[in-house]
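Residue strings, one per chain:
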Number of protein chains: 2
Amino acid sequence: MANPPVNYGVVLYPGFHALDVFGPLDILNLLALQRPLNLYLLSSSLEPVSTKPPATMKPSSTGPNSDFGEAIVPSHTFSAPPPELDVLLVPGGLGTRDEANTAPAMDFIKEVFPRLKYLITVCTGSALVARTGLLDGKRATTNKRAWGWATSQGPAVNWVPKARWVVDGNVWTSSGISAGIDAAYAFVADMYGEDVARGIADASEYTRCMDPEADPFAERWGVV
Amino acid sequence: MANPPVNYGVVLYPGFHALDVFGPLDILNLLALQRPLNLYLLSSSLEPVSTKPPATMKPSSTGPNSDFGEAIVPSHTFSAPPPELDVLLVPGGLGTRDEANTAPAMDFIKEVFPRLKYLITVCTGSALVARTGLLDGKRATTNKRAWGWATSQGPAVNWVPKARWVVDGNVWTSSGISAGIDAAYAFVADMYGEDVARGIADASEYTRCMDPEADPFAERWGVV
């Protein structure tokens, strides 16, 4: 590709799912050792953003009395984003279940989308984007266990049930959690070359799923 | 298992490798929704810890002019750790290449090890631990691309070349980066039951490598 992406952004909100972010970013962290890339981590404020769902959601994100989560430091706010963003990554997570919790992220995605070269979602990140209307009429996929809820967030989206990931124009959507890793390798292969993607996967000791239609989890979770 | 682990700690130092931490933690994040678990993120200070190698290492961790990395917020310092730690996870990463950079982590690991139920390393995390002498005489594995350097950090370790992960007593060591995910699933299966591990893998849409000796990357990187 002639001018592959240089500037990557990631949308963060309370209750994002860790691997949705760090699966793809780990690949890009390694790519950034080979070629100049910039990463921007965006959120409502510069306060660290936790994988724990917000306290206001607690009854609906039930669990035992665990204290377990990680917090990442944003580099930019949605209201003062970097001047250039080529790719925006939108993770899923329990935090997507509360529309108010993701409203600032949704507003930012809607506003920035026309200036992006690519939008990538992982897991229920596509449900969050679907709520903005940006996926209407597009082919997209999402988490298979959360299929019913996630697809209800975008009734006008052409949801693809059996897919590890789906590409429609400049929008890449992947299935649940780990699927983001395979989608990110496919994206890197497409943008920078298959040899680059293979090199990173070998260094990461990762055996890729390279077929976007190979999806045993559609059957596992009864998604037809 | 009668009293499976409850309190997990992770060692953080500048230049840790993101997926070494977030591969296993993502599994535990999901486990923590099912049963009470606590997570402690430990470092030299409470300042956020970046995946970027420290500036002092720059010439040896060469790359182009990228600005790409993520910073996590520690919950505890090595000098004031939580009262109980059942499991300690030690990631690898470029930061391990500088012994001074990991000295505080090494001191902490050496001090806390006798009180741990389990020690888990990912990638060159085992090289870091090997430098403390704690792996001497034990079977262990490490990153296959970095095999020569990593194994030189512990000449008295019984390094296993072809292994996705290795268990010796209460020490679990895994191969490079992504191998930590499969080792963590095996650990969860061992501690909490195979049904629990399978449930999390299905929810994560992850196809596990369940054979600790299945390691195509030993051959890929010429490790005999």
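Residues numbered from 1 in each chain as written. Chains lettered and ligands numbered in written order. Predicted model: local features only at pLDDT ≥ 70, side-chain atom pairs only at ≥ 80, totals over all residues. Heavy atoms only, no water.

Topologically, Asn29 of chain A is positioned in helix H1 (residues 18-31). The spatial distance from the C-alpha of Asn29 of chain A to the C-alpha of His76 of chain A is 18 Å, given a sequence separation of 47 residues. Apart from residues no more than four positions distant in its own chain, Asn29 of chain A is found in contact with Ala18, Thr51, Phe68, Gly69 and Glu70 of chain B. (Helix = DSSP H or I, 4+ residues; strand = E, 2+ residues; numbered from the N terminus. Contact = heavy atoms within 4.5 Å.)

With 142 residues, the main nonpolar core has Tyr8, Val11 and Leu88 of chain A together with Tyr8, Val11 and Leu88 of chain B as its most contacted residues. Each residue touching Leu88 of chain B, except ones within four places of it in the same chain, is listed here: Gly9, Val10, Val11, Leu42, Phe108, Ile109, Val112, Leu116, Tyr118, Leu119 and Ile120 of chain B. (Core = buried A, V, L, I, M, F, W, Y, C linked by side-chain atoms within 4.5 Å. Buried < 20%, exposed > 50% of the residue type's maximum accessible area, 1.4 Å probe, protein only.)

Moving on: the relation of the copies chain B and chain A. Superposing chain B onto chain A requires a rotation of 180 degrees together with a translation of 0.0 Å along the rotation axis, leaving an RMSD of 0.0 Å. One copy is carried onto the other by what is essentially a two-fold rotation axis. Ranked by how close their C-alpha atoms come to the rotation axis, the residues of chain B are headed by Ile72 of chain B, at 2.3 Å. Interface overlap between copies is the fraction of interface residues in one copy that are interface residues in the other; for chain B against chain A it reaches 100%, indicating a shared surface. (Least-squares fit on C-alpha atoms with pLDDT ≥ 70 in both.)

Residues and elements named next belong to chain B. Spatial strand order, E5-E2-E1-E6-E7-E11-E10: seven strands in an open sheet with mixed pairing. The strands lining the two open edges of the sheet, one partner per strand, are strand E5 (76-77) and strand E10 (165-168). Taken strand by strand, helix H2 (residues 99-112) contacts strand E1 (7-11), strand E2 (38-43) and strand E6 (87-90), and its axis lies near 155 degrees from that of E6. (Pairing = 2+ DSSP bridges. Axes fitted to C-alpha atoms, helices over the stretch in contact; angles between N-to-C directions.)

Applying the stated criterion to the full structure yields 18 salt bridges over all chains. The partner of Arg220 of chain B in a salt bridge is Asp202 of chain A, with the nearest N and O atoms 2.6 Å apart. Placement of Arg220 of chain B in helix H7 (residues 216-220) and of Asp202 of chain A in helix H6 (residues 194-203) is noted, with the two residues assigned to different chains. In this structure, Asp67 of chain B and Lys52 of chain B form a salt bridge, with 2.5 Å as the shortest nitrogen-oxygen distance. One end of the pair, Asp67 of chain B, is in the loop between strand E3 (49-50) and strand E4 (71-72); the other, Lys52 of chain B, is in the loop between E3 and E4, and 15 residues separate them in sequence. Residue classification places Asp67 of chain B among the partly exposed residues on the basis of a relative accessible area of 42%. Judged by relative accessible area, Lys52 of chain B falls into the partly exposed class, the value being 33%. Sharing partners across several salt bridges, the network here consists of Glu194, Arg198 and Arg208 of chain A. (Salt bridge = Lys/Arg side-chain N within 4 Å of Asp/Glu carboxyl O.)

So, on to the interface of chain B and chain A. Contacts between the two partners involve 54 residues from chain B, matched on the other side by 54 residues from chain A. Summed over both partners, the interface of chain B with chain A comes to about 4400 Å²; 60% of that surface belongs to carbon and sulfur atoms. Summed over the shared surface of chain B and chain A, the result is two salt bridges. On the surface where chain B and chain A come into contact, there are 32 residue pairs in polar contact (both at pLDDT 80 or more). Secondary structure elements with two or more residues in the side of chain B that touches chain A: helix H1 (18-31), E2, E4, helix H6 (194-204) and H7 of chain B. Considering only residue class, the side of chain B that touches chain A consists of 26 nonpolar, 17 polar and eleven charged. (Buried area = accessible area lost by both parts, 1.4 Å probe. Polar contact = N/O pair within 3.5 Å; in protein donor to acceptor, adjacent residues only side chain to side chain. Nonpolar A, V, L, I, M, F, W, Y, C, P; charged D, E, K, R; others polar.)

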